[in-house]
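# Structural features, examined
Listed below, chain by chain, are the residues.
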Amino acid sequence: MRLFLRLLLRNRLAGFGAVVLAAIVVLALVTPLLPLHPPNATNTADRFLRPLSGAHLLGTDHLGRDLLSRLLWGTRLSLAVGFAAAVTAGLAGAAIGVVAGFFGGRTDNLTMRGIDMLMAFPYILLALAIVAVLGPGLMNALIAVAVVNIPFFARNIRGVTVGIAHREFIDAARLSGLGNAGILWSEVVPNVVPVVVIAMSTTIGWMILETAGLSFLGLGSQPPQADLGSMLGEARAALITAPHTSVVPGVMILLIVMSVNLLGDGIRDALDPRLRSGALARPMAATRVARRSVPPPSGEGLLRLDGLETQFHVGSRIFRAVNGVSLALNPGECLGLIGESGSGKSVTAMSVMGLVASPPGVITAGAVRLQGRDLIGAPYEVLRGLRGSKVAYVFQDPLSTLHPLYRIGDQLAEAIRAHAPVGRAEARARALRLLHDVRIPNPGDRADAFPHELSGGMRQRVGIAMALANDPDIIIADEPTTALDVTVQAQVLALLDDLRGSRGLAILFITHDFGVVSQLCDRVAVMYAGQVVEEGPTAEVLAAPAHPYTRRLIACVPELGAGRRALAAIPGLPPAVDDLPPGCAFAPRCDRATDACQSGEVAVSGSLHKVRCHHPEGRP
Ligand code: ADP
Ligand code: MG
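Parameters at a glance
Residues numbered from 1 in each chain as written. Chains lettered and ligands numbered in written order. Predicted model: local features only at pLDDT ≥ 70, side-chain atom pairs only at ≥ 80, totals over all residues. Heavy atoms only, no water. Near = heavy atom within 4 Å. Polar contact = N/O pair within 3.5 Å; in protein donor to acceptor, adjacent residues only side chain to side chain. Areas by Shrake-Rupley, 256 points an atom, 1.4 Å probe, with all protein chains shown as cover. Helix = DSSP H or I, 4+ residues; strand = E, 2+ residues; numbered from the N terminus. Nonpolar A, V, L, I, M, F, W, Y, C, P; charged D, E, K, R; others polar. Phe/Tyr/Trp six-rings, centres within 6.5 Å; stacked < 30°, edge-to-face > 60°. Buried < 20%, exposed > 50% of the residue type's maximum accessible area, 1.4 Å probe, protein only. Expected span 1.5 Å × (residues − 1). Contact = heavy atoms within 4.5 Å. Core = buried A, V, L, I, M, F, W, Y, C linked by side-chain atoms within 4.5 Å. Salt bridge = Lys/Arg side-chain N within 4 Å of Asp/Glu carboxyl O. Pairing = 2+ DSSP bridges. Right-handed = clockwise from strand over helix to strand, strands pointing away. Axes fitted to C-alpha atoms, helices over the stretch in contact; angles between N-to-C directions.

## Describing the site of ligand 1
- Near ligand 1, the surroundings consist of 13 residues, among which G342, G344, K345, S346 and V347 are the closest.
- In the model, an oxygen atom of ligand 1 is placed 3.0 Å from a nitrogen or oxygen of the G344 main chain.
- Burial of ligand 1 by the protein amounts to 69% of the accessible area it has alone, namely 560 Å².
- Put simply, the parts of the chain that give the shell around ligand 1 at least two residues each are strand 3 (317-329) and helix 12 (345-352).
- Top element by residues in the shell around ligand 1 is helix 12. It accounts for three residues.
- Considered class by class, the residues forming the shell around ligand 1 number six nonpolar, five polar and two charged.

## Description of the packing of aromatic side chains
- Per the stated rule, a full pass over the model turns up seven aromatic pairs.
- On the basis of an interplanar angle of 55° and a centroid distance of 5.9 Å, the ring pair of Y123 and W206 is categorised as tilted. Within this pair, whereas Y123 is found in helix 5 (residues 123-134), its partner W206 is found in helix 8 (residues 180-216), the two being separated by 83 residues in sequence.
- Looking at Y123, the relative accessible area reads 35%, which means it is partly exposed.

## Some words on helix 2 (residues 12-30)
- For helix 2, which comprises 19 residues, the first-to-last C-alpha distance of 27 Å matches the rise-based estimate of 27 Å (1.5 Å per residue) to within 8%.
- Within the sequence span of helix 2, burial applies to A14, G15, G17, V20, L21, I24 and A28.
- Packed against the buried residues of helix 2 are helix 1 (2-10), helix 3 (67-103) and helix 10 (244-271).

## Observations regarding the nonpolar core
- L8, F102, V188, M207, L214 and I256 are the most contacted members of the largest nonpolar core, which totals 64 residues.
- The element best represented in this core is helix 6 (residues 138-165), accounting for 13 residues.
- Not counting residues up to four positions away in its chain, the partners in contact with M207 are G82, A85, A86, A89, V145, N149 and F153.
- Counting residues in each nonpolar core, the second largest holds 62 residues, with A413, V422, L493 and F509 among its members.

## A closer look at the pattern of salt bridges
- Per the stated rule, a full pass over the model turns up 28 salt bridges.
- E234 is paired through a salt bridge with R65; the nearest N and O atoms lie 3.1 Å apart. Of this pair, E234 sits in helix 9 (residues 228-235) while R65 sits in the loop between helix 2 and helix 3, and the two are 169 residues apart along the sequence.
- Bridged by salt links that share partners, the residues R551, R552, D591, R592 and E617 form one connected network.

## Comments concerning the pairing of strand 9 (residues 506-511)
- By the criterion of burial, strand 9 is predominantly enclosed, with six of the six residues buried.
- Residues A506, L508 and I510 point to one face of strand 9 and I507, F509 and T511 to the other, with burial holding for every one of them.
- Pairing between strand 4 (residues 334-338) and strand 9: five bridges, direction parallel. Across the sheet, the residue bridging to I338 is T511, located in strand 9.
- Bridge analysis of strand 8 (residues 474-478) against strand 9 gives five bridges, and the strand direction is parallel. When the sheet's bridge partners are listed, I476 is paired in strand 9 with L508.
- Remark: the strand 8/helix 19 (residues 486-503)/strand 9 crossover connection has right-handed handedness.

## Some points on the sheet that holds strand 10 (residues 523-528)
- The seven strands are arranged 7-8-9-4-10-11-12 in an open sheet whose pairing can be described as mixed. In this open sheet, the two strands that pair with only one neighbour each are strand 7 (391-394) and strand 12 (610-611).
- The pairing of strand 7 with strand 8 spans four bridges and is parallel. Looking at the pairing, V391 lines up with I474 of strand 8.
- Packing of helix 22 (residues 548-555) onto the sheet brings it into contact with strand 10 and strand 11 (531-537), and relative to strand 10 it is tilted by some 100°.

If you want it as structure tokens, here you go:
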């Protein structure tokens, strides 16, 4: 709740709306206590008095009634009717939507066709028809406005409910013995309440307007009772001669509807969990860069990272996901990047092409050089030209990276045509060749399959084919085999290794599996808490790990045929990246740590086999 309020108030416009609305509501609540003229007392001698004339602060109307008093009483009425209509429509619509969506089948069909029939009429005509049948009056106007808004809520909530009704937690509740009513109440309703609240908050303003509209036409509140709409209606005749009688209720309607809408938008944004971690904005086309200086290149290499720092700025908290990573990737080489989940591997990889979402991501220091050219802060057009054609990515979960509604052949062809000016037929031929290259049997047929029609291993091959589509120099593979079983994993790894040989690809291979590293990688870098703690030729690092973290990580891996032994585990947990300890981040979990490790930056030692440690293994 506190988080919700904080988010809501961070949105200036929503805060403004909340303040204005609160002021109006308070005024409406205390109206009976204020020393006002009676709202319906006529005095024709004082007709059409201008504002600020004598005892009447806002002047009088065509019957000499005090406008201020009528305005406040009218606001009270309009607000009450608008809120009541919104709550009625929201509850009734939500109930219909939940029942229809949950039970589905015939129930759904019947109710939704009924709702569709309501929706087939223009809503204001429908409201007029309802009032015509029930007779004019404020209560009937309320009913009419509520009824015409029910379809909106019913459709919305039905959609949400259908999405929930077949989820596993509903099945689990059923297995635990809950009946339909119990499931509806304890599982479905809590999940749709936020949607109902959001829909209500964004439509209340609309309903206040509709009620005012009916009153304006003389179908809502009846004289002498005032609501904002009927005040406007009565003032219409004197619009030119005494404009203040129209302006006063008009401005109040404007203030109410505007403040309700601003607040409603704010509530919607604050309740949407996707908007919580980022600011209320779309991510930028490339990661934001805020670095003071550009470090000089520290050596050669096809791709070179020098002192890269990437952070997430969320509110006042700073998550330091990558803290000064320096790596080099040479042509035709495979570099493994290994580390526990959360150690910053993916963020490092995404920073290379500026793919970390901003907000909240910020690159705060370092350089990424591709063939000597710095990519950090490069113009978007340059990055876009390089993404996919020079540096391509393969992600962990192909089911979420492939578009579910397009055939894979078309998606591949699109990737090709985004970079090369080729025709449809040519692009398709190339797509088939790519599918063949990644050993998908029968590429001609398979190209017409949708992603869900393929197995996990095949989808991952499509992902690799897509990365290869524009003949890149570098492939960054982010745990591409984690979602696969071991035999398919072996095939995919062999495939990548072959492609590396035949096309001269350089691969940055991210994984948390030492077996994969030893099979594929020439060199390996070990990451911990956003830093590379050890780097060197794979065989050397695996045979003689120098950093205590690497040693203990390797000790966690079971070995076939090595006899029974208790698997080691590393005590403690990786540090939270918004609160990194000073000194070596691994020191609190390390059995070799001394006082020197608890403070200051730990320097990297070694040239070929580098290690960031004061007390490396195997060295005095
Ligand atoms: P991994 O090594 O498993 O690939 P990541 O690179 O994905 O780890 O994440 C590194 C760190 O960055 C993690 O501690 C994660 O919590 C943090 N992080 C990632 N994305 C965000 C974000 N949008 N906001 C805040 N922190 C994030
Ligand atoms: Mg990751």
